[in-house]
2 protein chains.
Amino acid sequence: MANTHLSQATLSEHNRSRVLHHLYRHGVESRANIAKALDLTPAAITKITAKLLDAGVIEETGDLEGARNRRSIGLHLNTAKFHVASVKFARSLVQINVFDLAGTEIHSEELTSIEHTEIPQTIATIHERLDALLRDDPQIIAIGMAVPGPYLRREGRTAMVSSMQEWRSVNFIDEFSQAFRVPVFMEQDARAGALAYRLFDAAHENRHLAYYLIGEGVGLGVIDHDDTINGELGAATEIGHVSIDMNGRECECGNRGCLERYCSAVAIHDELNARPELVPNSASLTHRKACNALFELANSGNSDAIELVQRIGTYVGYGCVTIINAFNPKRIIIGDIVSGGGELLLSAVQRVVNERVIPELAARTTIMLSELPADATVTGGAAVAIEALLSHPGAFMDDLAS
Amino acid sequence: MANTHLSQATLSEHNRSRVLHHLYRHGVESRANIAKALDLTPAAITKITAKLLDAGVIEETGDLEGARNRRSIGLHLNTAKFHVASVKFARSLVQINVFDLAGTEIHSEELTSIEHTEIPQTIATIHERLDALLRDDPQIIAIGMAVPGPYLRREGRTAMVSSMQEWRSVNFIDEFSQAFRVPVFMEQDARAGALAYRLFDAAHENRHLAYYLIGEGVGLGVIDHDDTINGELGAATEIGHVSIDMNGRECECGNRGCLERYCSAVAIHDELNARPELVPNSASLTHRKACNALFELANSGNSDAIELVQRIGTYVGYGCVTIINAFNPKRIIIGDIVSGGGELLLSAVQRVVNERVIPELAARTTIMLSELPADATVTGGAAVAIEALLSHPGAFMDDLAS
């Protein structure tokens, strides 16, 4: 009998999760339409929605036009009732944001220019800031963290850190998972970006999608048939350490010719420092600002800058060729610092893909620059936390647990 | 009410499939143990197993030792009752086999040395042979076909065929899917190999695994968290066309430096033809025989042959480095013609992986040569057909449909 009971509770939670995901994607819906879409009985939908209404996760709206002119009451997710905090870790930058469930930004702050010696201080500051946010905003119900890969998800740490040397000593699970009044969820940064697209970009199907993060490191998150590709340890889709030249530049990971050594913001900054005629004060800038200075120079018509952006785009394009042959996504979304190269960069990427990918695959893969209102990895932290709520509502609301 | 009914039928089929998969993996089990493992009620398990017994898919065995010394009746899959046919397509070879549900080979035949001009004749021969096998063996309930990638699964054809030029004109779905009294299931060849390991290799968990096919072409099948990675069109995990050198050898796919241009049986055969001092009659041999001649020469101690096998192993190793960084499987199983290089090849592969992969990932990835009794792609064709039966038993047995 215990098994039967467990099974029923698991099934109820599963169906609540399906209803929440459905409402997240479709906005306002009648009970009848939800039941139809999810193949649930009228009795089941009544019971499920009653619990979710009690918990305040969903709300009733005015009448909807129903079939045969019958009016029916609409239901929608109460996206304003709960908030989530998001933390994005990068090499020299930590970004902390708060979003509502619709992905609308409520708060944003940055800790910048983090040096190796300052890591303990930075960790202390992150604790302080999150404690303060949680104190000031009782609506926050979860924290999502986006951590550079290769992220060993069961162990809570980054395996090797060519662009994250400073953070190697931090065990994210030990450091943060039990530190707050709300649960903390962690994901590899680019994978969080892919989840942000799946959750917040309702205009596309997003069952097969790659988020190609080209920032201080180069990362990739892939959604294949609705699920993220994680690998055994969480270290899959590390495109930054896939080699484009077996005899190429050395990388801290042990490999040669790693993509990240050619087109990350750090690699671009190194090149700018070696060519001071392009961005004269480049050595004094952050990686982001140095790259942005190059992109501005290219946009102003400087032919050396244009040529460099095109060359970077060619490397980014080699990465796309590998992404298509390895993962065959429907869309590749290029985001983070280097996506600032804009159409000039994108056209170089597309040229490489057209040359080097089987025509019928090239023609059926969309390559675009990220269009989310905020950085996809930052939004991704929120997406990870919101997905946790939608998938396991019972874990967040005592009212639902029974 | 229609929805409720549909839901119940779907649920029944789902639970039948779970019971079959459980018995496939665990051999003989009591109803009580199956119910416990799958979280089903005693009433449900009684109903499900009654239908499967009626259909002859499962059988009762003698008494099992149960809890508290109570005897209980064991159930097991009737693996001898049904057979499946398997067809493996490669560049110059078609292999047709028949297996029982346990993967035991019942029949094997090969069509070899297929030239471009003979494709229509070869297709006709495959039809004839399968018709004859189906006529002679009424136990055959399905056919599985393993087709070289990039295989566009909805369209039924190989997208581009650097090692399959001859087969490009064939639409496998049009040609075969409705041609026989039994259903036909098709899968990319290396993916079928990965499915063979998941199904037939009960000694391992196999939730995260890569089958690395190095034959006339180079392919990869990846199981990530129990599911194959397919991509939007079915063209994912095409490791043979991932570049190891952005300025390297040209490939028919449009890319440069494709892995397949360095370590496929065809690439090895080309090299042997250019070095007649190694295998004097190499030009007159098939790709397989030329490679085997090289491996024998290396095993006999010829230093030039040893050096060449080690170099091939180095290229295979670069592929492994990419596989680990892209897919992070728990095991990489190297199979097909080039795995004939044996321990000499494998040690060269392992050396590259140890040098070029982050130590904590290298230490936690097992790389091995295929150990299945038959070629994993051939067995894979059977696995694809058997998986179809285990997953959708109702589609095979009228008795279950109600």
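Residues numbered from 1 in each chain as written. Chains lettered and ligands numbered in written order. Predicted model: local features only at pLDDT ≥ 70, side-chain atom pairs only at ≥ 80, totals over all residues. Heavy atoms only, no water.

- In the annotation of an unreviewed UniProt entry, the entry for chain A reads N-acetylglucosamine ROK family transcriptional regulator, and the organism field reads Bifidobacterium magnum.
- Quoted verbatim from the Sequence similarities (unreviewed entry) heading of the UniProt record, the comment on chain A is "Belongs to the ROK (NagC/XylR) family." (UniProt positions renumbered as here; feature names shortened; annotations may be inferred.)

**Topic: the relation of the copies chain B and chain A**
- Screw-axis analysis of chain B against chain A gives a translation of 0.0 Å along the axis, an RMSD of 0.0 Å, and a rotation angle of 180°. Given the turn and translation reported, the copies of this chain are related as if by a two-fold rotation axis. Taking C-alpha positions as the reference, the residue of chain B nearest the rotation axis is B:D245, at 2.1 Å.
- Interface overlap between copies is the fraction of interface residues in one copy that are interface residues in the other; for chain B against chain A it reaches 100%, indicating a shared surface. (Least-squares fit on C-alpha atoms with pLDDT ≥ 70 in both. Contact = heavy atoms within 4.5 Å.)

**Notes on the packing of aromatic side chains**
Residues and elements named next belong to chain A.
- Counting across every chain of the model gives 17 aromatic pairs over all chains.
- Residues F89 and F172 carry aromatic rings whose centres are separated by 4.9 Å and whose planes lie at 70° to one another, so their mutual orientation is edge-to-face. With F89 in strand β4 (residues 83-90) and F172 in helix α5 (residues 172-176), this residue pair connects regions lying 83 residues apart in the sequence.
- Here F89 falls in the buried class, since its relative accessible area comes to 0%.
- Since its relative accessible area comes to 0%, F172 is described here as buried.
- Relative to Y318, the ring of Y315 has its centre 6.2 Å away and its plane inclined at 70°; by these criteria the two rings are edge-to-face. Here Y315 and its partner Y318 are both found in helix α10 (residues 303-327), three residues apart, which amounts to about one turn of the helix.
- Through successive ring pairs, a cluster of aromatic residues spans F89, Y151, F172, F176 and F180. (Phe/Tyr/Trp six-rings, centres within 6.5 Å; stacked < 30°, edge-to-face > 60°. Helix = DSSP H or I, 4+ residues; strand = E, 2+ residues; numbered from the N terminus. Buried < 20%, exposed > 50% of the residue type's maximum accessible area, 1.4 Å probe, protein only.)

**Things to note about the interface of chain B and chain A**
- Between chain B and chain A, the residue contacts involve 56 residues of the former and 56 residues of the latter.
- For the chain B and chain A pair, buried surface summed over both sides reaches about 4500 Å², with 50% attributable to carbon and sulfur atoms.
- When the area that chain B buries against chain A is broken down by residue, the three leading residues are B:E232, B:M246 and B:R356, summing to 16%.
- Remark: the boundary between chain B and chain A carries six salt bridges.
- A salt bridge links A:E155 to B:R364; the shortest N-O distance between them is 2.6 Å.
- In this assembly, chain B and chain A are joined by 26 residue pairs in polar contact (both at pLDDT 80 or more).
- Elements supplying a minimum of two residues to the side of chain B that touches chain A: α1 (2-26), α10 (303-327), α11 (342-356) and α12 (359-362) of chain B.
- Per element, the largest residue contribution to the side of chain B that touches chain A is eight residues, and it comes from α10(B).
- The residue makeup of the side of chain B that touches chain A, split by class, is 24 nonpolar, 17 polar and 15 charged. (Buried area = accessible area lost by both parts, 1.4 Å probe. Salt bridge = Lys/Arg side-chain N within 4 Å of Asp/Glu carboxyl O. Polar contact = N/O pair within 3.5 Å; in protein donor to acceptor, adjacent residues only side chain to side chain. Nonpolar A, V, L, I, M, F, W, Y, C, P; charged D, E, K, R; others polar.)

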